[in-house]
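# Structural description and commentary
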Amino acid sequence: MKQGILSDILDYSNRANPYPLYAELRKTPVFHDGDGPYVISTYHHIQSLLHDPRLSSEARNLAAGAGDPLAGAEDEGASALPPSFLKLDPPEHDRLRRMTNRPFGPPDSPHRVDDMRGFLHTTVTGLIDNLGDPERIDLVDQFAYPFPVTMICRLLGVPREDEARFHVWADTLAASLDPDPGADPKEREKTTHDARMELGMYLAGLIEERRKNPGEDMLSQLAVGHGQDETMSTMELLSTAALLLIAGHETTVNLITNGMLTLLRNPDVLRQLRETPALAVPLVEELLRFEPPVQLLPQRTPLADIEVGGVTIPKGSSMWLILASGNRDPDRFENPDRFDPYRKDIQHLGLGSGIHSCFGAPLARLEAQLALTELTRRLENPRLVEDPPPYRQNAVLRGPRHLRITCDGVRPS
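Basis of the calculations
- Residues numbered from 1 in each chain as written.
- Predicted model: local features only at pLDDT ≥ 70, side-chain atom pairs only at ≥ 80, totals over all residues.
- Heavy atoms only, no water.
- Core = buried A, V, L, I, M, F, W, Y, C linked by side-chain atoms within 4.5 Å.
- Buried < 20%, exposed > 50% of the residue type's maximum accessible area, 1.4 Å probe, protein only.
- Helix = DSSP H or I, 4+ residues; strand = E, 2+ residues; numbered from the N terminus.
- Contact = heavy atoms within 4.5 Å.
- Salt bridge = Lys/Arg side-chain N within 4 Å of Asp/Glu carboxyl O.
- Axes fitted to C-alpha atoms, helices over the stretch in contact; angles between N-to-C directions.
- Parallel < 35°, antiparallel > 145°, perpendicular 65-115°, else oblique.
- Nonpolar A, V, L, I, M, F, W, Y, C, P; charged D, E, K, R; others polar.
- Polar contact = N/O pair within 3.5 Å; in protein donor to acceptor, adjacent residues only side chain to side chain.
- Expected span 1.5 Å × (residues − 1).

## Details of the nonpolar core
Taken as a class, soluble globular proteins show a tendency for nonpolar side chains to be buried jointly. Grouped together as the largest cluster of nonpolar side chains are 83 residues, with contacts concentrated most on Phe143, Phe147 and Leu199. Sort the elements by how many residues they give to this core and helix H12 (residues 234-265) lands first, with 15 residues. The residues contacting Phe143, other than those within four sequence positions of it, are Val124, Leu127, Ile128, Asp138, Pro148, Ile256, Ala371 and Leu375. Counting 35 residues, the second-largest nonpolar core is a separate cluster that includes Tyr19, Val294, Met319 and Trp320.

## Some thoughts on the pattern of salt bridges
Considering all chains together, one arrives at 23 salt bridges under this definition. The shortest N-O distance in the salt bridge between Glu92 and Arg95 comes to 2.7 Å. Of this pair, Glu92 and Arg95 both sit in helix H5 (residues 92-101), 3 residues apart, roughly one helical turn. Residue class for Glu92 comes out partly exposed when judged on its relative accessible area of 34%. The class of Arg95 is buried, set by a relative accessible area of 17%.

## Some words on the packing of H12 against helix H14 (residues 280-290)
Closest axis-to-axis distance for the H12/H14 pair is 10 Å, and the angle between their directions is 100 degrees. By the angle between their axes, H12 is roughly perpendicular relative to H14. Where H12 abuts H14, its residues Leu255, Asn258, Gly259, Thr262 and Leu263 lie against Leu283, Leu287, Leu288 and Phe290. Broken down by class, the residue content of the contact of H12 with H14 amounts to 6 nonpolar, 3 polar and no charged.

## As for the side chain of Arg332
When you line up the elements, Arg332 lands in the loop between helix H15 (323-326) and helix H16 (361-378). The exposure class assigned to Arg332 is buried, which follows from its relative accessible area of 18%. At 2.6 Å, the side chain of Arg332 forms a polar contact with the side chain of Asp345. Once you skip the residues sitting within four places of it in the chain, Arg332 turns out to touch Tyr43, His44, Asp345 and Gln347.

## Quick word on helix H10 (residues 185-212)
Over its 28 residues, H10 extends 41 Å from the first C-alpha to the last, a length consistent with the 40 Å expected when each residue adds 1.5 Å. At the N-terminal boundary of H10, the capping side chain belongs to Asp184, with an oxygen 3.0 Å from the backbone nitrogen of Lys186.

Structure, rendered in structure tokens:
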């Protein structure tokens, strides 16, 4: 296996189709070039590691000189806000995730997501109504981005008119997840730090207002403790709010965009979804396998020497788990490169697994199901203007930056 395959995966020229590279990577299930991270690319190894308590998500457990290009940016960013629960291990991870879940899902708030269905549908209808010229549509800018942003603002209680303020911050922090060895590390650290600081200051003002005048939104309930004895510190609340605000829309943008791109490449499936809207549920699950919005999990670290596939990975090493490669593993899925919404065995890695599985999965699934159902129902004969479309730089959160389509018209709602 050639030594430069990791650089190839991170190379923007391969962003449109990294899957041949993943297939090559799976020939060496635990890949290490002697200097960089240990890269895990097969389904069963990844699934096992996601449930292994010896694997840490905390940057402080990464050994000096472990070869992780993200370590510097994370440490610098932490001086502005503490790590979110996404980057913590038990018991702190469990405590913060438990408190965050109280105003979001069962058992304390079992109807939170389901109660948003009406607002979700109204928002989708309005966005499609206002697409404008059917021959010139950018589904990212006109639909896939504003839809989840509107939803997360509604959920958290962030004023929708402030979206422009945190758009740049969100893009910068999402880009900090991208292992980019070619970037200037000092400049990357400063940019990430500044974005976290500015977002933290913005959220601090919002949280203070919610403490004085709480509403029914999640931010209010987190700020006042949701009627529980256990509460977050101010800094923990800031970090959690920043995580929800960014993760609450960045991945869903990609899920919706990748979904429409896949449907437009598979017109028979698009037609079937239009004729049978209930197909949306299994279709989104297959989409999470076939084109997951999160391609890889970088910066995982063993707390002790561990053996994976006959390879001993030393304590403190950097590890990357290539979720998208595991989802295309032929040892786990039959015909893995075929998009099949009728697939019966669909235990994918698209939303992670274990204690760090996607916190907002119920909302992301519902948003994608509704978005794809309504777009296929209302757009008449939609077609891609360019294939492949231009992709975002980010190799971790992979998705088209623009998805330009044309159609014969937009059906009334």
